[in-house]
Amino acid sequence: MDKYLIVGLGNPGPDYAGTRHNIGYMVLDAFAKASNIVFDDRRYGYVAETSLRGRKLFLLKPTTYMNLSGNAVRYWLNKENIDESRLLVVVDDLSLPLATLRMKASGSAGTHNGLGHIQQLIGQQYPRLRVGIGNDFPRGAQVDYVLSCFTPDEMEVLTPQIDVAVEMIKSFVLAGVNITMNQFNKRKPAPQQPPKTESDERGKD
């Protein structure tokens, strides 16, 4: 049976739940919920297992903290003897608009510390699913921004895209990275709706 390792990057613990840096965790939580599986606390991370049309999937949320994510990725690749072409890392991306989804077959880590540590340990020839978190923060405030929670308005835009990300993971496993990129990368999230005004509530008179 072919094996796949799906990694959602983030930081463990309640202080980081729902933060922008934890979008990888959020996507894997949605995948697990839709698949009726639960995570167990195992070596280097929370792990859930499932199968998809004869393929074995390991979902991994590293508990190493972001800057040491490569330890968890390398351990589980080696433990389950999974080829790096069947690794998919779900990661937050400051350079993409909020809720934009982009799959890539490989690439550099850029300024992302989690990807940077993975690259140190296994190189950069592995697929990743980048989830846009926007970059609406003042100069020098990047750390505070990525460790802040999404607003309710942002979650309205992001939530349906998390479901799309789950479908992209399934497509990656079943159809491969190239077909998934072609089918999904050009899609745009639904525009954020402006808040309702009092006149909207009254309707047109």
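It should be noted that the structure appears before, not after, this text.
What you are looking at is a predicted structure, and each value in this text was computed from that prediction instead of being measured.

S.K.: I keep staring at the pattern of salt bridges and nothing clicks. Help me out?
M.R.: When the charged atoms of two side chains with opposite charge come close together, those side chains can pair. Following the criterion strictly, the structure yields nine salt bridges and no others. Asp2 is paired through a salt bridge with Arg86; the nearest N and O atoms lie 3.5 Å apart. Placement of Asp2 in the segment before β1 (3–8) and of Arg86 in the loop between α2 (69–80) and β5 (87–93) is noted, with a sequence separation of 84 residues between them. A relative accessible area of 35% means that Asp2 is categorised as partly exposed. Residue Arg86 is classed as partly exposed on the basis of its relative accessible area of 30%. Residues participating in the shared-partner salt-bridge network are Lys3, Lys79 and Glu80.

S.K.: Explain the sheet that holds strand β6 (residues 101–104) to me, please; I cannot follow it from the model alone.
M.R.: The strands that make up a sheet pair up through hydrogen bonds in the backbone, lying either parallel or antiparallel. The strand order β2-β3-β4-β1-β5-β7-β6 describes an open sheet built from seven strands, whose pairing is mixed. With one partner strand each, in any of the chains shown, β2 (40–42) and β6 form the two edges of the open sheet. The sheet shows a mean angle of 25° between the axes of neighbouring strands, taken without regard to direction. Sheet topology note: the strand β3 (residues 45–52)/strand β4 (residues 55–62) ladder contains eight bridges and is antiparallel. Its bridge partner being in β4, Tyr46 is matched across the sheet by Lys61.

S.K.: Help me understand the environment of Lys104, please; the structure alone is not making it clear to me.
M.R.: Mapped onto the elements, Lys104 comes out in strand β6. Judged by its relative accessible area of 31%, Lys104 falls in the partly exposed class. Considering only alpha carbons, one finds Lys104 and Val89, 15 residues apart in sequence, at a separation of 10.0 Å. Here Lys104 is in contact with Tyr126, Pro127, Arg128, Arg130, Val177 and Met181, once residues within four sequence places are set aside.

S.K.: Looking at this model, I keep getting lost on the nonpolar core. Mind explaining?
M.R.: A general trend in soluble globular proteins is that nonpolar side chains are found buried together. One finds Ile6, Ile23, Leu129 and Ile169 to be the most contacted residues of the largest nonpolar core, which totals 38 residues. Looking at this core element by element, the count peaks at nine residues for helix α5 (residues 152–175). One finds Val7, Val89, Ile122 and Tyr126 within the second-largest nonpolar core, a separate group that totals 20 residues.

S.K.: What should I look at first to understand the side chain of Asn22 in this one?
M.R.: Mapped onto the elements, Asn22 comes out in the loop between β1 and α1 (23–35). Accessibility expressed as a relative area gives 2% for Asn22, which makes it buried. In this view, Asn22 contacts Leu9, Gly10, Asn11, Tyr16 and Ala17; residues no more than four positions away in its chain are not counted.

Conventions adopted
- Residues numbered from 1 in each chain as written.
- Predicted model: local features only at pLDDT ≥ 70, side-chain atom pairs only at ≥ 80, totals over all residues.
- Heavy atoms only, no water.
- Salt bridge = Lys/Arg side-chain N within 4 Å of Asp/Glu carboxyl O.
- Helix = DSSP H or I, 4+ residues; strand = E, 2+ residues; numbered from the N terminus.
- Buried < 20%, exposed > 50% of the residue type's maximum accessible area, 1.4 Å probe, protein only.
- Pairing = 2+ DSSP bridges.
- Axes fitted to C-alpha atoms, helices over the stretch in contact; angles between N-to-C directions.
- Contact = heavy atoms within 4.5 Å.
- Core = buried A, V, L, I, M, F, W, Y, C linked by side-chain atoms within 4.5 Å.

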